[in-house]
Amino acid sequence: MIENIQSHSADEYEEAPQPKRKRRKNPLDNEANKKLHGKLMDWWIQARDHESSNRIEQALDADFKDGLQWSQEDADELRSRGQAPLVYNKIKPAIDWVLGTEKRSRMDFAVYARRSEDTDVAETKTSVLKYLSDVNKTPFHRSRAFDDAVTVGVGWLEDGVRGDSTDDPLFSRYESWRNIWYDPLSVERDMSDARFIFRSKFIDLDIAKAMFPDRKRTLDSAAKASSFYGDVDSEEDTVATYYGREGFAGGLLYQAGKGYASSEPNRQRERVRLIECWYREPTPVRVVRGEMFHGAEYEDDNDEMNEAIENEYASVYDAIVMKVNLCIMTEDALLFKDASPYRHNEFPFTPIWAYRRGRDNSPYGIVRNIRDPQENLNKRMSKALHILSSNQIIAEEDAATDWDEIRDEAARPDGILLLDGRKDARFELVNDKALAQQHVNLMEIDARMIQDVSGVTDENLGKPSNATSGRAVTARQEQGSVLTSELFDNLRYAFQLQGEKQLSLIEQYYDHTKVIRIVGDNGQPEYLNVNQPEIDPITGQLRIMNDITSTKGDFIVDESEYRATQRRAMFDMFAELLKTMDPETSMQLLDLMFEYSDLPGREEIVSRIRKLNGQSDPKKQNDPEEIQRMEQQAQEEQMMKEFERRRIELEIEKLQADVSKTLADVEKVKADAVNTNVNSLYTSIQTGTEIALTPTSAMLGDTVATSAGFIDKNPPPLFNAPDKPVLPPMSRQERTIIQKKAGLDSDNDGNPLTADKASDLKLREAQSKAAAKPVPTGKTGGTGRSKGVLKKGSTAQQK
């Protein structure tokens, strides 16, 4: 905000010197403003005193990440002993992994309407925010602030309005933690309970005078007070003393913005320290309750707000609100004072926290808890290397005459030691290799401690480790993700806070016609008209198309973009799960799997899959176009279901008709077979009758049939079988007589049906033998029987 103050061409309060006129006093120098300046300076001193010790630690954390890990005193001591102050920086790879994960998992956002009729405007606001993100390169500024948070504990982002009308009015950028001091009594991470935030910068005196032309004398005195070399802040002075390196204090001066200070007058660059203070003051205001203006300050010129109040959709009440104000000052006087120009009534600075100390809420990052093992690792490695590369000599004084030469030769790997002293004098060359190995073992423990505390394991860094199975590697990777989850959760929270401020700024300041360009995922630019006036074709009245200042929306961070490592794990799990499912179910879940992917153009892939499956985007459930499309899709699905049902009914009817026709054909075949059999039987009877009347016709028919190829299945035998005698039937009396003559046993009842086959067979043989004997002559009875033998052709035989 300091560089955004509008410069003035004329001196507003100071007039050109007149011979007899007294200079008018600047209103910023009155008693009330002097009292305000004194109160703000008390807050400034309080914040600096409270944060001083922790800021020293933060400066050391930043230096350890950059490889500045030896104090000047320790480094000089090592050099005096012939050791090199080695740095094996294990901190930076851990920090870089966290930062790389953030860069690969940059989050997306969306604006949702508070009313269903404002859905189109909410989509327009989403597009405008993406446009601002592109022109301001906001993701890169956010990554830089996250770097500060991971390293020292807190990073800062600033969102506001530019004073340059030639550029886009809204900006979003990174601010160094070294320039920000905040209320030490604040405990909330959104700074909602903070009373003030200070930002301090050194700028060139001529630029400061151009910004505040009415305060030139105040700026001159402030520049003289801060132009000498020794003006270093307390925490910077402590850090400079700790390192004690030549030129280090000058480096702090450069970083603080003071620049180069020289004893030569023509090489001096006059700079002045400006202090910017955003602070909250209790102020009585009128607040709106109800409708979309709930909680907003009442505005007399807001027609829509007044209309809602007149129609009793909203009401106004008096309240005490902590209003945000702005002052810019030096340590001597105020330079600027005004209420906050932003309607959101929040500080323009958004913090990204890493961790906060429970004792006093002081921030710290990953480096703080791994500084000691890192420093110990460097010392152990330096000591081990020194032991391996040096030798000790234990000898009596008269073992040699030139000890300098002996020392030089002993230090060389190919040295030759020539002892020209007493032969029996003690001389021993000592090289304790085992001690060097002990230092290396302790160094490995320090390296593992750095990984355990930071949460960045070898598996996260892609290095080989003792984890052999894929499940073990995944578990170690998830361990690192869990330990760093708080960092990414705080980043998401800061993104939410910053997005809400940006949304409020575009609703406040984008009140003019503008055409913005949006680059989609496919790289093709799209152009959107904002606040474009047009004539309503229905009413014929003038209306504003895509009026983003007339409504309010809610900024929402897209959770599907949150944390790439977790997304990647979910994608792998989904891919493995879909392999076990049937193809139809897998196709229905394919869009959810790609939601967790990191592929370029992921949204387009998901959109096309949902179109193929007929699925809807859950993010657009309240979109009128999406609702209409879903209704149309439901109607089409209902028509398809009805068509399918009717098709099945017709197929069933066709099958029933085919069955009926088949049954009818079977009945006809049966009737035809009966008719054919009857006709054949009738023909056979006629043929048999004709053969009986004319026997010779049978031979003629056989001849004709044989000539036609007929094969008789019952041909006569080639040789006629001898005629078997036909035995007459026997009466019971005859049976008894024959059985007695043949010596056969009687079957008692004389019934031939109950006789067994063997007895019957013997009886028939006896009957045949009796029949073959000649019939004796004699008297015959009246019955025509002679000795029990029936005459052929008698009445009894016929019976």
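Here the residue numbers are simple positions, counted from 1 along each chain's written sequence. Predicted model: local features are reported for residues with pLDDT of at least 70 only, side-chain atom pairs are reported and counted for 80 or more only, and whole-chain, interface and lining totals are derived from all residues. To obtain the side-chain values, all non-hydrogen atoms of the structure were included, while hydrogens and water were left out.

> For the overall build of the protein chain, give the residues involved together with the corresponding values.
Under the scheme used here, helices are H or I runs from DSSP no shorter than 4 residues and strands are E runs no shorter than 2 residues, and both carry numbers assigned from the N terminus. Each helix and strand in the protein chain was counted, giving 24 helices and 20 strands. Buried, partly exposed and exposed residues are distinguished by accessible area as a fraction of the type maximum, computed with a 1.4 Å probe on protein chains only: under 20%, between the cut-offs, and over 50%, respectively. Looking at the protein chain residue by residue over its 799 residues, the buried ones come to 37%. In this analysis, two residues are considered to be in contact whenever any of their non-hydrogen atoms come within 4.5 Å of each other. Contacts in the protein chain between residues at least 24 apart in sequence constitute 69% of all its contacts with a sequence separation of at least 6. Accessible area for the protein chain stands at about 48600 Å²; split by element, carbon and sulfur atoms hold 53% of it. Per-residue and other accessible areas follow the Shrake-Rupley method at a 1.4 Å probe size, with only the shown protein chains counted as cover for residues.

> How would you summarise the nonpolar core if you had to cite specific residues and measurements?
Think of a nonpolar core as a cluster: buried Ala, Val, Leu, Ile, Met, Phe, Trp, Tyr and Cys residues, connected wherever their side-chain atoms sit within 4.5 Å. Core analysis: the biggest nonpolar cluster contains 76 residues, and Val98, Phe146 and Val272 have the highest contact counts within it. Counting residues per element, this core draws most heavily on helix α16 (residues 485–509), which supplies 8 residues. In terms of nonpolar packing, the next biggest core, distinct from the first, is built from 16 residues, Leu28, Trp181, Tyr279 and Cys327 among them.

> Before we move on, could you go through unusual backbone geometry and cite the residues and values that matter?
Peptide bonds are mostly trans, and most non-glycine residues show a negative phi. In this structure, Lys137 takes a positive phi of about 55° despite not being glycine. Counting through the fold element by element, Lys137 comes out in the loop between α4 (119–136) and α5 (138–152). A positive phi angle, near 55°, is found at Asn345, a position not held by glycine. Its location among the elements puts Asn345 in the loop between β8 (334–339) and β9 (349–353). Given the relative accessible area of 18%, Asn345 is considered buried.

> Can you tell me about the sheet that holds strand β7 (residues 315–329), naming the residues and giving the values?
Two strands form a pair only when DSSP identifies at least two bridges running between them. Within the open sheet, the 5 strands sit side by side as β4-β5-β6-β7-β8. Their pairing is antiparallel. Each edge of the sheet is formed by a strand with only one pairing partner; in this case those strands are β4 (180–182) and β8. Neighbour to neighbour, the strand axes of the sheet diverge by 20° on average, direction disregarded. Helix axes use the C-alpha atoms of the stretch in contact, all axes being lines fitted to C-alpha atoms, and the angles between their N-to-C directions lie in the range 0 to 180 degrees.

> Quick rundown of the pattern of salt bridges? Include the residues and the values.
We define a salt bridge as a side-chain nitrogen of Lys or Arg found within 4 Å of a carboxyl oxygen belonging to Asp or Glu. Tallied over the full model, the rule gives 31 salt bridges. The salt bridge partner of Arg195 is Glu281, with a shortest N-O separation of 3.5 Å. Of this pair, Arg195 sits in the loop between β4 and β5 (196–204) while Glu281 sits in strand β6 (residues 271–289); the two residues are 86 residues apart in sequence, bridging distant segments of the chain. Judged by relative accessible area, Arg195 falls into the partly exposed class, the value being 27%. Glu281 gets classed as buried once you look at its relative accessible area, which sits at 18%. Of the charged contacts, one joins Arg646 and Glu649 as a salt bridge, the two residues approaching to 3.2 Å between their closest N and O atoms. Taken together, the residues span about one helical turn, with Arg646 and Glu649 both in helix α20 (residues 624–693) at a distance of 3 residues. Given a relative accessible area of 39%, Arg646 falls into the partly exposed group.

> Report on the state of the cysteines, specifying residues and quantitative values.
Disulfides are defined in this document as cysteine sulfur pairs within 2.5 Å. Tallied over the entire structure, the rule returns 0 disulfides. Here Cys277 stays unpaired: no disulfide links it, and the sulfur of Cys327, its closest cysteine neighbor, is 6.6 Å away. The buried category is assigned to Cys327, whose relative accessible area is 0%.

> Describe empty space enclosed by the protein, and please don't skip the residues or the numbers.
Cavity means a closed set of points on a 1 Å grid over the protein atoms alone, one where a 1.4 Å probe fits but cannot get out, pocket means an open set with protein on both sides within 12 Å along at least 5 of 7 lines, and lining means a residue has an atom within 4 Å of a point. Grid points are joined across faces, edges and corners, and a volume is the space filled by probe spheres set on the points. A full pass over the atoms with the stated rule returns 5 cavities of 30 Å³ or more. For the lining of the second largest cavity, the secondary-structure elements that each account for two or more residues are α1 (31–65), β2 (154–161) and β4. Residue contributions to the lining of the second largest cavity peak at 5 residues, all from α1. Each residue gets one of three labels, nonpolar for Ala, Val, Leu, Ile, Met, Phe, Trp, Tyr, Cys and Pro, charged for Asp, Glu, Lys and Arg, and polar for the others, Gly among them. Residue composition of the lining of the second largest cavity, grouped by class: 7 nonpolar, 5 polar and 3 charged.

> Can you tell me about α5, naming the residues and giving the values?
What a helix is expected to span follows from its residue count: subtract one and scale by 1.5 Å. With 15 residues, α5 should cover 21 Å at 1.5 Å per step; its first-to-last C-alpha distance of 21 Å lies within 8% of that length. With respect to burial, α5 is a largely interior element, 11 of its 15 residues being buried. For α5, the set of buried residues is Thr138, Arg142, Ser143, Ala145, Phe146, Asp147, Asp148, Ala149, Val150, Thr151 and Val152.

> Go over the side chain of Gln374, please, and point to the residues and values.
Along the chain, Gln374 falls in helix α11 (residues 371–388). N or O atoms closer than or at 3.5 Å make up a polar contact, with two conditions inside protein: a donor-capable atom paired with an acceptor-capable one, and, for residues adjacent in sequence, both atoms drawn from side chains. There is a polar contact of 2.8 Å between the side chain of Gln374 and the backbone nitrogen of Lys90. Of note is the side chain of Gln374, whose polar atom sits 3.4 Å from the backbone nitrogen of Ile91. When sequence neighbours within four positions are dropped, the list of residues in contact with Gln374 reads Phe64, Gln69, Tyr88, Asn89, Lys90, Ile91 and Ile450.

> Tell me about the packing of aromatic side chains, residues and numbers included.
Ring geometry is summarised as follows: Phe, Tyr and Trp rings, the Trp one being its six-membered ring, pair when their centres sit within 6.5 Å, and such pairs are stacked at plane angles under 30 degrees, edge-to-face over 60 and tilted between the two. Under the defined criterion, the tally for this structure stands at 10 aromatic pairs. The interplanar angle of 65° and the centroid separation of 5.4 Å between the aromatic rings of Trp44 and Phe198 together place this pair among those described as edge-to-face. Here Trp44 is found in helix α1, whereas its partner Phe198 is found in strand β5, with 154 residues between them in sequence. Residue Trp44 is classed as buried on the basis of its relative accessible area, which comes to 2%. According to the relative accessible area criterion, Phe198 is buried, its value standing at 0%. With a centroid separation of 6.2 Å and 45° between ring planes, the pair formed by Trp156 and Tyr182 is classed as tilted. Of this pair, Trp156 sits in strand β2 while Tyr182 sits in strand β4, and the two are 26 residues apart along the sequence. Judged on exposure class, the residue Trp156 and its partner Tyr182 are both buried. Taken together, the ring pairs connect Trp43, Trp44, Trp181, Phe196 and Phe198 into an aromatic cluster. A cation over a ring is seen here: Arg173 above Phe171, with NZ or CZ 4.0 Å from the ring centre. Working rule: Lys NZ or Arg CZ, within 6 Å of ring centre, within 35 degrees of ring normal, means a charge sits over the ring.

> Describe in detail the pairing of β2, supporting the description with residues and values.
For β2, the tally of buried residues reaches 8 of 8 residues, placing the bulk of the element in the interior. Side chains Val154, Trp156, Glu158 and Gly160 project from β2 onto one buried face, and the interleaved Gly155, Leu157, Asp159 and Val161 project onto a second face that is buried too. Where β2 meets β9, 5 bridges bridge the pair, whose relative direction is antiparallel. Across the sheet, Gly155 pairs through a bridge with Ile352, a residue of β9.

> An account of the sheet that holds strand β3 (residues 170–175) is requested, with residue identities and associated values reported.
A sheet is described by the order of its strands in space; here 3 strands give the open sequence β3-β2-β9, paired in antiparallel fashion. The open sheet is flanked by β3 and β9, the only strands paired with a single partner. Adjacent strand axes in the sheet meet at a mean angle of 20°, parallel and antiparallel pairs treated alike. Its contacts with the sheet place α16 against β2, β3 and β9, and it is angled at close to 165° to β9.

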